[in-house]
Amino acid sequence: MRKLKNNYTIKIIALAIISVAVSLFIEGVVCNFRALTAPYQSIYVVEEGEISEVDGQQHVVLTDIGGKYVNKIWIKAKVLENSTYQIHISYTNSFGVVDEETITDTLSVFRNEHYTIINKNVNMIEVIVPKAVCPQIESIGIKNNFYFNKYRWGIVLITCVCLIGVWLFKKEIVRRTGLSFAMIGILFSLCITICTGARVFG
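Residues numbered from 1 in each chain as written. Predicted model: local features only at pLDDT ≥ 70, side-chain atom pairs only at ≥ 80, totals over all residues. Heavy atoms only, no water.

Q: Looking at this structure, I do not really get the nonpolar core. What am I missing?
A: Core analysis: the largest hydrophobic core is formed by 24 residues, its most contacted members being I118, I125, V127 and I140. If you list the elements that add at least two residues to this core, you get β3 (57–62), β4 (68–77), β5 (83–92), β6 (98–107), β7 (113–130) and β8 (137–143). In terms of residues, this core owes the most to one element, β7, which gives five residues. Discounting residues that sit within four places of it in the chain, I125 has contacts with V60, V61, L62, I65, I73, I87, H88, I89 and I142. (Core = buried A, V, L, I, M, F, W, Y, C linked by side-chain atoms within 4.5 Å. Buried < 20%, exposed > 50% of the residue type's maximum accessible area, 1.4 Å probe, protein only. Helix = DSSP H or I, 4+ residues; strand = E, 2+ residues; numbered from the N terminus. Contact = heavy atoms within 4.5 Å.)

Written as structure tokens, this is what we have:
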């Protein structure tokens, strides 16, 4: 009986150590691999004459990126009310083909800097901001810095706990049908969350 209890305790400790180590590696290295291998930061101060206005929308185009990897773009601007803005990008996809995408993100009156995840090799960026809610764009920046996302790490950690726990406690789980279905449901939900992903707004 004592031997079984000791084995159970060892498995619990092993589950905790392995899950934390693997999840930290995935979040710190795998998810930040491109930021670690291709660090790049640029701040572009927007001059008044560089902003074109079309149908009440302010357009700023950045063309000197040269296909560099862009993790996120931030816009420094004070807005009058909560609204949205668009970022139109030309990028080179994983097949080496130039493609385009338009991203819609939020503008908040509570912040002067607004971030949008890009995560692509970008050739051109066009920022489109409504003039009615944002009279002036001060600057636009590109950042490829290391970022530890605690929410993503939490999801990865729970996934690791479930997967490694199933492997370590497979005999105990097989004996309990209800626990087996619960574990399958949790793993299925986490896989959908990770595969679908989530864009970080604002």
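The rest of the description comes next.
Q: Honestly, the side chain of D105 in this entry has me stumped. Any pointers?
A: Tracing the backbone shows D105 in strand β6. A polar contact of 2.6 Å, which involves the side chain of D105, links it to the side chain of T116. (Polar contact = N/O pair within 3.5 Å; in protein donor to acceptor, adjacent residues only side chain to side chain.)

Q: I keep staring at the pattern of salt bridges and nothing clicks. Help me out?
A: Any two side chains of opposite charge can pair, so long as their charged atoms come close to each other. All told, the structure shown has two salt bridges when counted by the stated rule. Between E27 and R152 there is a salt bridge whose closest N-O contact spans 2.6 Å. Taken as a pair, E27 in helix α1 (residues 2–30) and R152 in helix α3 (residues 150–168) lie far apart in primary sequence, 125 residues in all. Classification of R152 by relative accessible area gives partly exposed; the value is 31%. A salt bridge links E101 to K120; the shortest N-O distance between them is 3.2 Å. Taken together, the residues span a long stretch of sequence, with E101 in strand β6 and K120 in strand β7 at a distance of 19 residues. What makes E101 partly exposed here is its relative accessible area of 23%. (Salt bridge = Lys/Arg side-chain N within 4 Å of Asp/Glu carboxyl O.)

Q: Explain the pairing of β5 here, please?
A: Look at any regular strand and the pattern is simple: side chains alternate between the two faces of the sheet. Bridging between β5 and β6 involves ten bridges; their strand directions are antiparallel. Within β6, the residue paired with S83 across the bridge is L107. Hairpin geometry of β5 and β6 is characterised by an intervening segment of five residues between the two adjacent antiparallel strands and by a positive phi of about 80° at G96. (Pairing = 2+ DSSP bridges.)

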